[in-house]
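A look at the structure
The primary structure of each chain is shown beneath.
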Amino acid sequence: MTNLAHHINSSLSKELHAMIYLLGFFAQKKSFKVYAVGGFVRDLLLGKENRDLDLVVEGSAVDFAKYVAKNLPGQLQCFERFGTAKLSLSKGIVFDMVTARQEFYAGPGALPDVERSSLKNDLYRRDFTINTMACALNPENFGRLYDFFGGRKDLEKGIIRVLYKLSFVDDPLRIIRAIRFEQRFNFIIEEETLTMLRKAIGNRVLEKVSKERLYNEIRLIFTEPSPLKVLIRLNEMQLLKVIFPRLEFNERLKERLRRLEKGITELVESDPEGKWNYFILYLSALF
């Protein structure tokens, strides 16, 4: 089994590196088992730092979060019904903690019912194989990689693959997410996954998602390195007209978005600490 301790020691900033070890220490002290999962592990293997950490806790994630918050003061939010908590620290470090669980969907696009489960079952509920890897943080096996579903192999091949056939039905927002990841990493959507995605689009499953959840997912498009690439791909998949029904996505608009992306790049280079609302900038350009 591969160990990621070397990646943690060499690829992270001093602040995040220290936090990772502290989390493991706190977990051991209070008899929790804690794993970094999803995007953090994916990006670690890609040599990138991700300051938004998803943590799976065997035990109560809410109880663990409350204990961590006593030692690492920050803004704590707890969601008892779902067994989740969010702790926001300084310098952009965020811990999203969930109790190891499995989910059951009453219908397409519905919020899931949840119950406690194992690490493996928790990872199986996730969107794509590249986001199913976990890294142990407890000191006795610190850095151990858990890869039950071939996520590392797909990451090395540059493939976006769902875990089961009803994935896009259970959570239609995975359609947009698949396209975001495909364009962000220059990956390809695996053939069978693409077939299921197109079928889900044809069945108009996105209409079953609440407007609030759809809005939150759309906002994420404009935090990508190149929102224009995502918008072009959405247009190719006949999805842009679902998201923005009145938008005419022509060459004139694409050129305007290209100029905006260039301008934003120059803006960030001149003021890296600036707080820019990319969503408003892109909506202004789009309309």
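Going by the structure above, here's the rest.
Residues numbered from 1 in each chain as written. Predicted model: local features only at pLDDT ≥ 70, side-chain atom pairs only at ≥ 80, totals over all residues. Heavy atoms only, no water.

Next up on the list: the overall build of the protein. Counting secondary structure elements, the protein contains 14 helices and 11 strands. For a compact globule of 287 residues, the expected C-alpha radius of gyration is about 19 Å, and the protein comes in at 20 Å, within 12% of that figure. Taken along its principal axes, the extent of the C-alpha atoms in the protein is 60 × 45 × 35 Å. Considering only residue pairs separated by 6 or more positions, the protein has 63% of its internal contacts joining residues 24 or more positions apart. Taken as a whole, the protein presents about 14,600 Å² of accessible surface, with 51% of it coming from carbon and sulfur. Charge centroids of the protein, computed over 45 positive and 37 negative side chains, lie 1 Å from each other. (Helix = DSSP H or I, 4+ residues; strand = E, 2+ residues; numbered from the N terminus. Rg over C-alpha atoms; globule rule 2.2 N^0.38 Å. Contact = heavy atoms within 4.5 Å. Areas by Shrake-Rupley, 256 points an atom, 1.4 Å probe, with all protein chains shown as cover. Lys, Arg positive; Asp, Glu negative; His and termini not counted. Charge placed at Lys NZ, Arg CZ, Asp CG, Glu CD.)

It is worth spelling out the nonpolar core at this point. Membership of the largest hydrophobic core comes to 84 residues, with the highest contact counts inside it found for F64 and F95. Element by element, the count of residues in this core is highest for helix α8 (residues 173–185), at 7 residues. Those residues in contact with F64, other than ones at most four positions away along the chain, are L23, F26, A27, F32, V34, V57 and M97. In terms of nonpolar packing, the next biggest core, distinct from the first, is built from 10 residues, V56, L123, A134 and A136 among them. (Core = buried A, V, L, I, M, F, W, Y, C linked by side-chain atoms within 4.5 Å. Buried < 20%, exposed > 50% of the residue type's maximum accessible area, 1.4 Å probe, protein only.)

Looking now at the side chain of D170. Here D170 lies in helix α7 (residues 167–170). For the buried residue D170, which engages in no salt bridge, the nearest side chain bearing the opposite charge is R174, 5.4 Å off. (Salt bridge = Lys/Arg side-chain N within 4 Å of Asp/Glu carboxyl O.)

Quick look at the sheet that holds strand β5 (residues 94–99) now. One open sheet accounts for 7 strands, arranged β3-β4-β5-β2-β1-β8-β9; its pairing is mixed. In the strand order of this sheet, the two ends are held by β3 (75–79) and β9 (145–146), each with one partner. Looking at chain direction, strand β8 (residues 134–136) and β9 are connected through 2 bridges and run antiparallel. If you follow C135 over to β9, its bridge partner there is L145. Sheet strands in contact with helix α2 (residues 14–29) are β1 (33–37), β2 (52–58) and β5, and its direction is about 10 degrees off that of β2. (Pairing = 2+ DSSP bridges. Axes fitted to C-alpha atoms, helices over the stretch in contact; angles between N-to-C directions.)

Let's shift gears to unusual backbone geometry. Despite not being glycine, N186 shows a phi value in the positive range, around 55 degrees. Residue position: N186 is located in the loop between α8 and β11 (188–189). Among the residues examined, N186 registers a relative accessible area of 59% and is labelled exposed. Positive phi values are uncommon outside glycine, yet Q238 reaches one of about 65 degrees. Mapping Q238 onto the fold places it in the loop between α11 (227–236) and α12 (240–243).

Turning next to the packing of aromatic side chains. Tallied over the entire structure, the rule returns 16 aromatic pairs. Ring geometry for Y21 versus F142: centroids 4.4 Å apart, planes at 25 degrees, classification stacked. A residue pair is termed long-range when its members are at least 10 positions apart, and Y21 in helix α2 and F142 in the loop between β8 and β9 qualify at 121 residues. A residue is classified by how much of its surface remains accessible, and Y21, at 36% relative accessible area, is partly exposed. Under the relative-accessibility criterion, F142 is labelled buried at 11%. Each residue in the set Y35, Y124, Y146, F148, F149 and Y164 is aromatic and connected to the rest through ring pairs, giving one cluster. Over the ring of F181 we find R42; its NZ or CZ atom is 5.1 Å from the centre of that ring. A cation over an aromatic ring shows up here: R180 above the ring of F181, its NZ or CZ 5.5 Å from the ring centre. (Phe/Tyr/Trp six-rings, centres within 6.5 Å; stacked < 30°, edge-to-face > 60°. Lys NZ or Arg CZ within 6 Å of the ring centre and 35° of its normal.)

What follows is about the side chain of E182. Inspection of the secondary structure assignment puts E182 in helix α8. Only 2.9 Å separates the side chain of E182 from the side chain of R233, close enough to count as a polar contact. (Polar contact = N/O pair within 3.5 Å; in protein donor to acceptor, adjacent residues only side chain to side chain.)

Right, let's get into the packing of helix α13 (residues 251–270) against helix α14 (residues 278–286). It is at 9 Å that the axes of α13 and α14 come closest, and there the two elements cross at 155 degrees. Of the possible angle classes, the one that applies to α13 and α14 is roughly antiparallel. Both α13 and α14 take part in a crossing whose hand is right-handed. Contacts from L253, R256, L257, L260, E261, I264 and V268 in α13 reach Y278, L281, Y282, A285 and L286 in α14. (Parallel < 35°, antiparallel > 145°, perpendicular 65-115°, else oblique. Left-handed = near helix turned anticlockwise from the far one by under 90°.)

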